[in-house]
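One-letter residues, chain by chain:
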Amino acid sequence: MPVRPLAANPALPAPNGPVVLCIMDGVGLGDGGEDDAVATARTPRLDALMREFPTARLKAHGTAVGLPSDADMGNSEVGHNAMGCGRVFEQGAKLVDGAIASGALWEQPLWRELCAAHTLHLVGLVSDGNVHCNVAHLDALTARAAVEAAAAGARPDRRPRRALPAARCSSWSRSKGTLAQYREAGRDYRVASGGGRMRITMDRYEADWPMVARGWATHVRAEAGGPRRARRSGIPAHRGSRLTTSGSAVRGRRRPGELSPIRDGDAVLPFNFWGDRAIELSRAFDDGDDFSAFDRGLRPDVLFAGMMEYDGDLHVPKRFLVPPPAIDRTVGEFLVASGKRTFACSETQKFGHVTYFFNGNRSGRLDEALETYVEVPSDTLPFQQRPWMKAAEITDAVVQAIRSGDYDHVRLNFANGDMVGHTGDLEATRVAVEAVDLQIGRLWAAVKAVGGVLLVTADHGNADQMWQHDKRGAVQRDEDGRPIARTSHSLAPVPLVVADPARRVRLREGADGTSIAAIGATVLALCGLQPPDDYLPALVEM
């Protein structure tokens, strides 16, 4: 159904300048401890805005953004979906949970096809973080594959076998025992190959196709190094395999250190439910002879399917097990329908978040005439070596857009807090947060000069907790007494600052503690439009 233009907001006319939404990726409001890179960084510009203008703490994790429970960390994809659609949709993990719990997944003919292959290769990130994947889904797939094999009366050495690379020691330890149990029962479920998440396989937004090429060489062609390299990198090894964060199941027996290739007649299933880091590997399997990102060599003839459809517009992959959420009537669609002009900008690492994910998992521009998207190419060096990333270049483009007078809404994402936070480097992450703060000062000066409104917020926490804590909150330490680095997201709330130089608006009562999905209606209201009735209420009022 076409989206209709929104009525003018009777209580809040549009400002003279654009409504600018600045998303500080991964910058949460933590406990203020010494490992809180947000609280311990020097951020005079953000601090000044928070003192001068209305501020709230918003929820960006768990059920507030459509995840299964409040123990689930938010992430950039879910966060941008929520802000961009103004409502809370059930998201990837919850959809897969439901399909497994109801048994609907196992009833699919596609699942039976996958299990009928000679060897089933399960490829993905092994983690209990519920961001890109959940190791519980891997366990369920493996267990059900064994059931299907038994029902078919197949010989144990001819049935689907499990892939189990390791992302976290806790997840790996749990799954290693599960593998042993299956082998004792006569099922040859093993690890076949792997490689670190930030080095192979899991690139996104075509920032570094050589990562995917290295993953292809490792998983498909079995051309990677052996256990010595794994030990050097600190990755646990088992029976001579390199175990890391992406991998595939093994066919038959092998010698220590030997990797197993994917062969004709096999099936390949990525078990990641989130799409951004699974799209490129899916394309490498699914695309035809016109694929040119890297030399695949002789491509095996396999049945390939994804856990979910990772790109709904481009239909990647061609076949998948669990349908994605149907996100409609997004903020972007309403802005376009109402004749509002939009400028969106980030660097490669988060460009898809302010476009594809913000627009409800839709590729490309919604309207060529009314929207301008600018992608700043990201560095390919380790993020801790360039903690400032491309914040300055993003700001250059955004400031120019603000000054041009051509746009009603501008949105941008600073990737620093998230991407550098994932490295576990506390000092580099402080620098990353300070680099973002410097650019916020530039944004505010430009917004104030043209009479716009600046919203500063985040999509989830990360940089606010850089060390592992136990359930009591105490810092966990290694055998040498050093704090154990935390490289995952946090459950922290995120800030919202509404910087209006005309001081026309205030936060509505009850804004504190609201889901970040309410930012959708807030952007529309500040743009002088009446938000849809089924959106979460706007966070501002006159």
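Given the structure is predicted, the values throughout are model-derived calculations rather than measurements.

Undergrad: Can you walk me through the sheet that holds strand S13 (residues 453–457) in this structure?
TA: Within a sheet, each strand pairs with its neighbour through backbone hydrogen bonds, oriented either parallel or antiparallel. On the basis of which strands lie adjacent, the open sheet formed by seven strands has the order S2-S14-S13-S1-S12-S10-S11 and mixed pairing. Looking along the sheet, the strands with just one partner apiece sit at the ends: strand S2 (55–58) and strand S11 (371–376). Direction aside, the axes of adjacent strands within the sheet are offset by 15 degrees on average. Where strand S10 (residues 342–347) and S11 come together, six bridges link them in parallel fashion. Pairing of Ser 346 across the sheet is with Glu 375, part of S11.

Undergrad: So what exactly am I meant to see when it comes to the packing of helix H12 (residues 391–404) against helix H14 (residues 426–450) here?
TA: A pair of packed helices is captured by two measures, namely the crossing angle of their axes and the spacing between those axes. The contact between H12 and H14 brings their axes to 10 Å, and the two run at 0 degrees. One element, H12, and the other, H14, form an angle in the roughly parallel class. Note on element contacts: H14 touches H12 through Gln 439, Arg 442, Leu 443, Ala 446, Val 447 and Val 450, opposite Ala 391, Ala 392, Thr 395, Asp 396, Val 398, Val 399, Ile 402 and Arg 403. Tallied by class, the residues present in the contact of H12 with H14 amount to nine nonpolar, two polar and three charged.

Undergrad: What am I meant to see in the pairing of S13 here?
TA: Along a regular strand, successive side chains alternate from one face of the sheet to the other. Across the five residues of S13, five count as buried, placing the element largely inside the fold. With burial as the criterion, each face of S13 is covered, one bearing Val 453, Leu 455 and Thr 457 and the other bearing Leu 454 and Val 456. In this structure, strand S1 (residues 19–24) lies alongside S13, joined through five bridges in parallel fashion. Among the inter-strand pairings, Cys 22 is bridged to a residue of S13, identified as Val 456. The sheet contact formed by S13 and strand S14 (residues 494–499) spans three bridges and is antiparallel. Bridging from a neighbouring strand, Leu 454 pairs with Ala 499 of S14.

Undergrad: Would you take a moment to explain the packing of aromatic side chains for this structure?
TA: The description of an aromatic ring pair uses the distance of the two centres, along with the angle that the planes make with each other. Under the definition given, this model contains 11 aromatic pairs. On the basis of an interplanar angle of 80 degrees and a centroid distance of 5.6 Å, the ring pair of Trp 209 and Phe 291 is categorised as edge-to-face. Taken as a pair, Trp 209 in helix H7 (residues 209–219) and Phe 291 in the loop between helix H9 (279–286) and strand S7 (303–304) lie far apart in primary sequence, 82 residues in all. Across this residue pair, the class does not change: Trp 209 and Phe 291 are buried. Ring centres of Trp 209 and Phe 294 lie 6.1 Å apart, and the angle between their planes is 50 degrees; on these two criteria the pair is classed as tilted. Within this pair, whereas Trp 209 is found in helix H7, its partner Phe 294 is found in the loop between H9 and S7, the two being separated by 85 residues in sequence. Side by side, Trp 209 and Phe 294 carry an identical accessibility label, which is buried. Through a chain of ring-to-ring contacts, the aromatic side chains of Trp 209, Trp 216, Phe 285, Phe 291, Phe 294 and Phe 304 assemble into a single cluster.

Undergrad: How do you make sense of unusual backbone geometry when you look at a structure like this?
TA: The bulk of non-glycine residues show a negative phi, and the bulk of peptide bonds are trans. With a phi close to 65 degrees, Asn 361 is a non-glycine residue in the positive phi region. Locating Asn 361 in the fold gives a position in the loop between helix H11 (348–357) and S11. Of the residues examined, Asn 361 reaches a relative accessible area of 15% and is grouped as buried.

Undergrad: Please explain the sheet that holds strand S3 (residues 120–123) as it appears in this structure.
TA: In spatial order, the strands read S3-S6-S7; together these three strands make up an open sheet with parallel pairing. On the outer flanks of this sheet lie S3 and S7, each paired with one strand and no other. Two strands pair when backbone bridges link them, and S3 and strand S6 (residues 267–270) are joined in this way by four bridges, in the parallel orientation. Paired with His 121 across the two strands is Val 268, which belongs to S6.

Undergrad: Whenever I open this one, the pairing of S10 confuses me. Can you help?
TA: Extensive coverage of S10 is indicated by the burial of six of its six residues. Of the two faces of S10, the one lined by Thr 342, Ala 344 and Ser 346 and the one lined by Phe 343, Cys 345 and Glu 347 are each fully buried. Handedness of the crossover joining S10 and S11 through H11 is recorded here as right-handed. The pairing of S10 with strand S12 (residues 409–414) spans five bridges and is classified as parallel. By the bridge assignment, Cys 345 is partnered in S12 with Leu 412.

What counts as what
- Residues numbered from 1 in each chain as written.
- Predicted model: local features only at pLDDT ≥ 70, side-chain atom pairs only at ≥ 80, totals over all residues.
- Heavy atoms only, no water.
- Pairing = 2+ DSSP bridges.
- Helix = DSSP H or I, 4+ residues; strand = E, 2+ residues; numbered from the N terminus.
- Axes fitted to C-alpha atoms, helices over the stretch in contact; angles between N-to-C directions.
- Parallel < 35°, antiparallel > 145°, perpendicular 65-115°, else oblique.
- Contact = heavy atoms within 4.5 Å.
- Nonpolar A, V, L, I, M, F, W, Y, C, P; charged D, E, K, R; others polar.
- Buried < 20%, exposed > 50% of the residue type's maximum accessible area, 1.4 Å probe, protein only.
- Phe/Tyr/Trp six-rings, centres within 6.5 Å; stacked < 30°, edge-to-face > 60°.
- Right-handed = clockwise from strand over helix to strand, strands pointing away.

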